[in-house]
Amino acid sequence: MQITLYYFKIPFWRAEVTRLALFIGGIPFNDYRVEGKEIDDLKATGLLPNKKIAPFKQLPVLDVDGKIVAQTGAIARFCGKLAGLYPKNNDFEAAQIDQIIDTAQDINYLVTLSSRDKEKERLELARKILATKHLPKWFQFLDNLLEKNNESNFFVGKKISIADLAIWRLLGWLTSGLLDGVPTDILEPYERLKKLREEVYNHPKVHEWMIKTYGKVI
Ligand SMILES: N[C@@H](CCC(=O)N[C@@H](CS)C(=O)NCC(=O)O)C(=O)O
């Protein structure tokens, strides 16, 4: 099977969940980072660098033996199954993982909404509401779900899944300081989310990927 993942040249959760799943699972893939004119072409024509159509003019897009599929969750689940990080024979655990990926989408959407205003004061207010109301609420929900899993420090069952990779990288973004108004210590009250981050960072393949791909742990 020939797999190419198209995404931008950044370690954003939408791509990193799949890149990491494939890397952990030892599945070879082409980690195609779209840049420059290729991004302009994608926006203008909807065409990927391989001249195939990105269905929603957005990335990530996965090419599997010349066939295309889009949407972060669909791609992560497909690759998660290949890599053994998403169950093939346990529909309930699969749904539990899905609920986390869907939550990552919801949180991402809240950040997008808070970034829309170009006017400085309104943007600051939107970010303040994000950082003091929305994010704490969703972090607490996630922390509660982690507490319910007695089998490990991960979201579902005994082992790491695409749910953990998605939230780990999403949290990496939210605490990076790149989002004005969102403090880097915003995770401080959430012991289980902090533990989850630690577990994922300590995974030897995650560490190896970081060093190999970015030259450092990010
Ligand atoms: N619902 C899509 C959203 C993907 C998305 O928003 N991708 C962004 C980059 S993170 C993008 O391609 N933006 C370009 C655009 O929408 O023009 C998914 O889950 O993959």
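See the structure above.
Each chain carries its own residue numbering, running from 1 in the direction its sequence is written. Per-residue local features of the predicted model are confined to residues with pLDDT of at least 70, and side-chain atom pairs are confined, for both listing and counting, to 80 or more; whole-chain, interface and lining totals are unaffected and use all residues. To obtain the side-chain values, all non-hydrogen atoms of the structure were included, while hydrogens and water were left out.

Participant: So what about the pattern of salt bridges? Which residues, and what values?
Facilitator: Every case where a carboxyl oxygen of Asp or Glu lies within 4 Å of a side-chain nitrogen of Lys or Arg is listed as a salt bridge. Summed over the entire model, instances satisfying the criterion amount to 15 salt bridges. A salt bridge links Glu35 to Lys9; the nearest nitrogen and oxygen atoms lie 3.6 Å apart. Of this pair, Glu35 sits in the loop between strand E2 (30-34) and helix H2 (37-45) while Lys9 sits in the loop between strand E1 (3-8) and helix H1 (13-24), and the two are 26 residues apart along the sequence. Classification of Glu35 as partly exposed rests on a relative accessible area of 41%. Here Glu151 ties to Lys158 by a salt bridge, and the two come within 3.0 Å at their closest N and O atoms. According to the relative accessible area criterion, Glu151 is partly exposed, its value standing at 45%. You can call Lys158 exposed: its relative accessible area is 65%. It is possible to trace a salt-bridge network through shared partners that takes in Glu16, Arg19, Asp31 and Arg33. Secondary structure is summarised from DSSP: a helix means a run of H or I of at least four residues, a strand means a run of E of at least two, and numbering begins at the N terminus for each. For each residue, the accessible area found with a 1.4 Å probe, counting protein chains only, is set against the maximum for its type, and the residue is called buried under 20%, exposed over 50%, and partly exposed in between.

Participant: Give a description of helix H6 (residues 162-174) that names residues and reports values.
Facilitator: To estimate how far a helix should reach, multiply one less than its number of residues by 1.5 Å. Under the 1.5 Å per step criterion, the end-to-end length of H6 is 18 Å for 13 residues, consistent within 8% with the ideal 18 Å. Across the 13 residues of H6, 13 count as buried, placing the element largely inside the fold.

Participant: Now, about the sheet that holds strand E4 (residues 67-70): what can you tell me, with residues and values included?
Facilitator: Pairing between two strands is assigned when DSSP locates at least 2 bridges connecting them. An order of E2-E1-E3-E4 is seen for the four strands of this open sheet, with the pairing classed as mixed. For this open sheet the edge positions go to E2 and E4, each flanked by a neighbour on one side alone. Across the sheet, the mean angle separating the axes of adjacent strands is 25° when strand polarity is ignored. Strand direction decides the pairing type here: E1 and E2, joined by five bridges, are parallel. Along E2, the bridge assignment pairs Phe8 with Val34. Every axis corresponds to a line fitted to the C-alpha atoms, with the helix fit spanning only the stretch in contact, and the corresponding angles, defined between N-to-C directions, vary from 0 to 180 degrees.

Participant: I'd like to hear about the environment of Pro189, residue by residue, with values.
Facilitator: Mapped onto the secondary structure, Pro189 falls in the loop between H6 and helix H7 (191-202). Placed 49 residues apart in sequence, Pro189 and Gln140 show a C-alpha to C-alpha distance of 9.0 Å.

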